[in-house]
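# Summary of the model geometry
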Amino acid sequence: MKTLVFLLEKEFRQLLRSKQLLGMLLLAPLIQLILLPLAADYSVKNISIAMVDNDHSTTSRRLIEKIVSSGYFKLREYSASFTQGLKAVEEDRADLALQIPVHFERDLVREDRKQVFVAINAIEGTKANLGGAYLSSIISDFNEDIRAQWQVVTPTTQVTVATSNWYNPLLNFHLYMVPAILVTLVTAMVAMQSAFNIVQEKESGTIEQINVTPIKKHIFIIGKMVPFMVLGIVLFTMGLLVGWILYGIVPLGSLWVLYGSLIVYLFSMLGLGLLVATYSGTQQQAMSLCFFFINIFNMMSGVFTSVDSMPDWARAIVATFPPSHFIKIMRPVVLKGSGFSDILPEILWMLALGVALNAWAVLNYRKTT
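Residues numbered from 1 in each chain as written. Predicted model: local features only at pLDDT ≥ 70, side-chain atom pairs only at ≥ 80, totals over all residues. Heavy atoms only, no water.

### Describing the overall build of the protein
Short version of the rule: Numbering of helices and strands starts at the N terminus; helices are DSSP runs of H or I of at least 4 residues and strands are runs of E of at least 2. A simple rule labels every residue: compare its accessible area, found with a 1.4 Å probe on the protein chains alone, to the largest value its type can have, and call it buried under 20%, exposed over 50%, or partly exposed in between. Contact between two residues is taken to exist if any of their heavy atoms lie within 4.5 Å; hydrogens are not considered. To measure how exposed things are, a 1.4 Å probe is used in the Shrake-Rupley method; for residues, cover is taken only from the protein chains shown.
When you go through the protein residue by residue, the secondary structure sums to 14 helices and four strands. Looking at the protein residue by residue over its 369 residues, the buried ones come to 44%. In the protein, once contacts between residues fewer than 6 apart in sequence are set aside, the share between residues at least 24 apart is 79%. Summed over its atoms, the accessible surface of the protein is roughly 20100 Å², and 62% of this surface lies on carbon and sulfur atoms.

Right, here's the structure in full:
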């Protein structure tokens, strides 16, 4: 026990000695937590649209005004022909081109229907899908308004659907994104810095002095883990404060549940960082390996895309990622107040992965290196 205490004292002194490094480790993730949720907005706005009005009627002008005033579209070009509208799309001056045909108003009155044509630039798939969906919804609302005004709707039985958004009534994407982004920032800081710490001692030769001592491998690993676990808890706490102050996010669940899950998560990610260090001879190698894992974690752990929508083989791989399980814990605890019983499977997954990674790191560590 005394050996572990001495190791921890040495690690904390080494960590606190560099004020610039400590400030960077804490401030850099917080700055990212402030900026990233503002940029990672799932809603698509400022969609450029080219209008081709071949009817020039009151109804066609009302449709154009309704589309432009929605807040989603910006009128970039008012073309005289559909060829010019398509050219605007081809030259990236517009994302969509809408053609209102001749006799639009007349046929709408006489036949109760008329078709408009929309050409969408689908290079940016998300923007194309959402832009097309927004436009279809606006046109559908416009159609209902026209029908009600002209009283062409016959009295028939209608079924209406009333929807209610549970846990996020206003569909505020900050409530969804901030917890996940906080997980990614804690992941990057803990995994990378724990790996760099050991590799730096390899490069400086300090670890050779430790190797000639009777310190056991598991004691050495624990001594390296604890300081960065404390640093991860501090960063997580500061992240929760930022979420509360800037975005008004207050966890509905127990803080004991959050921090208990956090400790298990840090245990698993520190195991990964230490494992990377045992396979790296230089900080450059450690950085490359950490970036490899962190990029995969960010793209596949459910931060931006749903894991459930992935194919079976991808979900099987994601199940071995500790961040995916902690994100599944963070969102329910923060948004709907889930307790330990609700998130127990995810905690067990993280614990199993942590035991496996740390055992691998201890077995792979060689005191003679």
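### Description of the nonpolar core
Cut-off, in case you're wondering: Nonpolar cores were defined as sets of buried Ala, Val, Leu, Ile, Met, Phe, Trp, Tyr and Cys residues, with membership established by side-chain atoms within 4.5 Å.
With 72 residues, the main nonpolar core has Phe236, Phe326 and Met330 as its most contacted residues. The leading source of residues in this core is helix α7 (residues 173-204), at 18 residues. Apart from residues lying up to four places away in sequence, Met330 is in contact with Pro179, Leu182, Val183, Phe236 and Leu258. In this structure, Ile47, Ile49, Leu96 and Ile100 belong to the second largest nonpolar core, which totals 18 residues.

### Quick look at the packing of α7 against helix α13 (residues 322-336)
Applicable threshold: With axes taken as lines fitted to C-alpha atoms, and helix axes fitted only over the stretch in contact, angles between N-to-C directions fall between 0 and 180 degrees. Throughout, the term roughly parallel applies to angles under 35 degrees, roughly antiparallel to angles over 145, roughly perpendicular to angles from 65 to 115, and oblique to all others. Take the far helix as the reference: if the near one is turned anticlockwise from it by less than a right angle, the crossing is left-handed, and if turned clockwise, right-handed. Ten residue types, Ala, Val, Leu, Ile, Met, Phe, Trp, Tyr, Cys and Pro, are classed as nonpolar, four, Asp, Glu, Lys and Arg, as charged, and the remainder, Gly among them, as polar.
Remark: α7 packs on α13, axes separated minimally by 9 Å, with the N-to-C direction vectors making an angle of 140°. Considering the angle they form, α7 stands oblique to α13. The hand of the α7/α13 crossing is right-handed. On α13, the residues that touch Leu175, Tyr176, Pro179, Ala180, Leu182, Val183 and Thr187 of α7 are Pro323, Phe326, Ile327, Met330, Arg331, Val334 and Leu335. A per-class count over the contact of α7 with α13 returns twelve nonpolar, one polar and one charged.

### Considerations on the layout of surface pockets
Left-over empty space is what a probe sized like a water molecule reveals as it rolls over the atoms. Filter applied, for reference: The definitions used throughout rest on a 1 Å grid laid over the protein atoms alone, on which a cavity is an enclosed set of points accommodating a 1.4 Å probe that cannot get out and a pocket is an open set flanked by protein within 12 Å on both sides along at least five of seven lines; lining residues are those having an atom within 4 Å of a point. Grid points are joined across faces, edges and corners, and a volume is the space filled by probe spheres set on the points.
Roughly 400 Å³ of internal volume is contained in the largest pocket. At the level of elements, α2 (19-39), α7 and α11 (283-300) are the ones that each hand at least two residues to the lining of the largest pocket. When residues in the lining of the largest pocket are grouped by element, the largest group, seven residues, is from α7. By residue class, the composition of the lining of the largest pocket is 15 nonpolar, five polar and no charged.

### Here's the deal with the environment of Ala128
In this fold, Ala128 is placed in helix α6 (residues 125-150). Sequence separation between Ala128 and Val44 is 84 residues; the distance between their C-alpha atoms is 9.6 Å.

### Things to note about the packing of aromatic side chains
The line we're drawing: Aromatic pairing here means that ring centres of Phe, Tyr or Trp (its six-membered ring) are within 6.5 Å. Orientation follows from the plane angle: under 30 degrees is stacked, over 60 is edge-to-face, and everything else is tilted. Geometrically, a charge over a ring is one whose NZ (Lys) or CZ (Arg) sits within 6 Å of the ring centre while staying within 35 degrees of the ring normal.
If you walk through the whole model with that rule in mind, you get nine aromatic pairs. Ring centres of Phe236 and Phe326 lie 6.2 Å apart, and the angle between their planes is 45°; on these two criteria the pair is classed as tilted. Of this pair, Phe236 sits in helix α9 (residues 217-247) while Phe326 sits in helix α13; the two residues are 90 residues apart in sequence, bridging distant segments of the chain. According to the relative accessible area criterion, Phe236 is buried, its value standing at 1%. Three or more aromatic residues link up through ring pairs in this structure, and these residues are Phe236, Tyr259, Tyr265 and Phe326. Lying across the ring of Tyr176, Arg331 places its NZ or CZ 3.6 Å from the centre.

### Overview of the side chain of Ser301
Topologically, Ser301 is positioned in the loop between α11 and α12 (312-318). For Ser301, a relative accessible area of 2% gives the class buried. Once you skip the residues sitting within four places of it in the chain, Ser301 turns out to touch Ile296, Val307, Val318, Phe321, Pro323, Ser324 and Ile327.

### Notes on the sheet that holds strand β2 (residues 73-79)
Condition: Strand pairing is assigned whenever DSSP detects at least two bridges linking the two strands.
The four strands are arranged β2-β1-β3-β4 in an open sheet whose pairing can be described as mixed. Each of the sheet's edge strands pairs with one partner strand only, and the pair in question is β2 and β4 (117-120). Shown here is a sheet whose adjacent strand axes are inclined to one another by a mean of 25°, direction ignored. Across six bridges, strand β1 (residues 47-53) lies against β2 in parallel orientation. Bridge pairing in β2 links Val52 to Ser79. On top of the sheet, helix α3 (residues 58-68) reaches β1, β2 and β3 (96-100); it is set at about 180° to β1, its chief contact.

### So, the environment of Cys290
Relative to the elements of secondary structure, Cys290 occurs in helix α11. As a C-alpha pair, Cys290 and Val276 span 14 residues in sequence and 7.3 Å in three-dimensional space.

### A short note on the pairing of β1
Rules: We call a crossover right-handed when, viewed with the strands running away from us, the connection from the first strand over the helix to the second turns clockwise.
Across the seven residues of β1, seven count as buried, placing the element largely inside the fold. Because side chains alternate across β1, one face comprises the buried residues Ile47, Ile49, Met51 and Asp53, and the other comprises Ser48, Ala50 and Val52, equally buried. In this fold, the crossover linking β1 to β2 by way of α3 has right-handed handedness. Direction of pairing for β1 relative to β3: parallel, over a ladder of five bridges. For Met51, the partnering residue across the bridge sits in β3 and is Leu98.

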